[in-house]
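Now for the letters of each chain:
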Amino acid sequence: MELIATAESIGQARKLLEAGINTLYIGEDEFGLRLPTSFSREEQKELVQLAHEKGNKITVAVNALMHNDRIATVIPYLQFLKEIQVDAITVGDPGVIHLLKQHAIDIPYIYDAQTMVTSANQVNFWAKRGATGAVLARELTRDELELISGQTVVPIEVLVYGATCIHQSKRPLVRNYFNYVGESNVENDRSLFLSEPKKEETHYSIYEDRNGTHIFATNDVNLAAHLETLSQAGLTQWKLDGLFTKGDVFVEMAALFNEARVAIMEGNWSAEYTDHLNERVQQLHPAERALDEGFFVKNPEDIQ
């Protein structure tokens with residue numbers, strides 16, 4: 001069972017590794033999507049050295065929506081990542097995969113096309129073209145996940161904790177809105193929410209950055225109670241996303257999921273432990289954000 005976690009600083013990254021995280025997920029906004037922070041090249045190099053000294057791994061996000069301007073500048077970045085010996089990158093754009101091969105840049109890549117990765121056939125298609133893994137869409141149910149797991153030829157990653165992006169646009173929608181209402185621009189402010197008319201309980205997180213506008217589901221994902229089920233189904237790459245859970249609180253959350261992993265490995269999983277685990281996740285989770293199990297417990301036929 002592999003725990004993968006985002007990092008927002010070098011200090012937090014060090015604590016995450018001490019808390020039991022196997023792989024740190026980092027990057028910079030120019031080429032990666034929805035990161036807690038955008039690390040400089042020097043910081044990325046330092047993080048790779050830090051992880052490798054402790055026997056851990058680094059995966060770098062290169063999963064942005066690449067227009068011509070970005071494709072033109074990604075090759076030097078890929079060469080830099082090869083030079084500092086990152087363990088893998090996430091990629092969703094076939095153009096980037098083509099450039100990796102065309103320029104003989106030998107970096108393992110994990111296929112990450114966001115909501116598009118919804119079948120074993122798609123995962124295996126990219127595995128035959130060199131992908132060493134895949135990131136599954138967040139909108140998959142337990143039945144679908146188990147079916148895919150039994151048919152894929154490479155490991156697949158599942159989000160077990162964190163925010164779920166439900167919409168991205170390259171347009172500066174936040175800036176446009178504040179210009180329309182005559183207020184100052186709050187670009188990159190990650191404390192904003194959208195609410196549906198007549199549905200005050202909805203609170204979709206929204207922010208704008210270099211890659212456009214990102215909107216997230218009202219509730220963040222928490223699959224803590226289902227970790228044993230995931231393990232039994234062969235779904236053993238677990239992602240923790242700290243985009244909205246900051247600092248030492250996210251480190252505590254990572255330590256909690258590591259504790260759960262140990263409980264499964266040692267045969268100590270129980271209904272009582274599951275209740276304890278869920279209670280601790282709820283206590284640590286930011287009070288202004290809600291949690292649920294996402295699509296995991298839904299019936300595929302009921303999803304609209």
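Whatever comes next refers back to the structure up there.
I will try to describe carefully the structure that is included in this document. Being a predicted model, the structure only gives us computed values, none of them experimental. (Residues numbered from 1 in each chain as written. Predicted model: local features only at pLDDT ≥ 70, side-chain atom pairs only at ≥ 80, totals over all residues. Heavy atoms only, no water.)

1. Focus on the overall build of the protein
Item 1. Of regular secondary structure, the protein possesses 10 helices and 14 strands.
Item 2. Taken over C-alpha atoms, the radius of gyration comes to 19 Å for the protein, in line with the 19 Å a tight globule of 304 residues would show.
Item 3. Counting the 304 residues in the protein, one finds 53% classified as buried.
Item 4. Taking the intrachain contacts of the protein between residues at least 6 apart in sequence as the baseline, contacts between residues at least 24 apart amount to 65%.
Item 5. Per element, the accessible surface of the protein, about 14,100 Å² overall, is 48% carbon and sulfur. (Helix = DSSP H or I, 4+ residues; strand = E, 2+ residues; numbered from the N terminus. Rg over C-alpha atoms; globule rule 2.2 N^0.38 Å. Buried < 20%, exposed > 50% of the residue type's maximum accessible area, 1.4 Å probe, protein only. Contact = heavy atoms within 4.5 Å. Areas by Shrake-Rupley, 256 points an atom, 1.4 Å probe, with all protein chains shown as cover.)

2. Some words on the nonpolar core
Item 1. Counting residues in hydrophobic clusters, the biggest one holds 85 residues, and the most contacted among them are Val60, Val62, Leu81, Ile89, Leu227, Leu240 and Phe257.
Item 2. Here the element with the most residues in this core is helix α9 (residues 247–265); it accounts for 9 residues.
Item 3. Beyond its immediate sequence surroundings of up to four residues, leucine 81 is in contact with Gln44, Val60, Val62, Val86, Ile89 and Ile107. (Core = buried A, V, L, I, M, F, W, Y, C linked by side-chain atoms within 4.5 Å.)

3. Quick notes on the sheet that holds strand β9 (residues 193–196)
Item 1. One open sheet holds the 4 strands; their spatial order is β8-β11-β10-β9, and the pairing between them is antiparallel. Strands with a single pairing partner mark the edges of an open sheet, and in this sheet they are β8 (165–169) and β9. Sheet twist, expressed as the average angle between the axes of neighbouring strands with direction ignored, equals 30 degrees.
Item 2. The pairing of strand β10 (residues 199–209) with strand β11 (residues 212–216) spans 4 bridges and is antiparallel. Bridge assignment links aspartate 209 to a residue of β11, and that residue is glycine 212.
Item 3. Packing of helix α7 (residues 173–180) onto the sheet brings it into contact with β8, β10 and β11, and relative to β10 it is tilted by some 110 degrees. (Pairing = 2+ DSSP bridges. Axes fitted to C-alpha atoms, helices over the stretch in contact; angles between N-to-C directions.)

4. Some remarks on helix α4 (residues 94–102)
Item 1. Taken as a whole, α4 has its buried residues at Val96, Ile97, Leu99 and Leu100. Along the long axis of α4, the arc covered by the buried residues comes to 160 degrees, so they all point the same way. In α4, those exposed residues whose orientation departs by more than 90 degrees from the buried face are Lys101 and Gln102.
Item 2. By the N-cap criterion, in which a side-chain oxygen at the helix start approaches the backbone nitrogen of a residue two or three places on, α4 is capped by aspartate 93, the distance to glycine 95 being 2.6 Å.
Item 3. Among the residues trailing α4, alanine 104 stands out with phi positive, at a value near 50 degrees. (Arc of directions from axis to C-beta. Polar contact = N/O pair within 3.5 Å; in protein donor to acceptor, adjacent residues only side chain to side chain.)

5. A short note on the pairing of β10
Item 1. Burial runs high along β10: 8 of the 11 residues are buried.
Item 2. As defined by bridge partners, β9 adjoins β10 across 3 bridges and the pair is classed as antiparallel. Residue pairing for β10: phenylalanine 193 is matched across the bridge by serine 205.
Item 3. In this structure, the hairpin formed by β9 and β10 is closed by a connection of 2 residues, where lysine 198 is found at a positive phi of approximately 65 degrees.
Item 4. With antiparallel pairing between neighbouring strands as the criterion, β10 and β11 make up a hairpin whose turn holds 2 residues.

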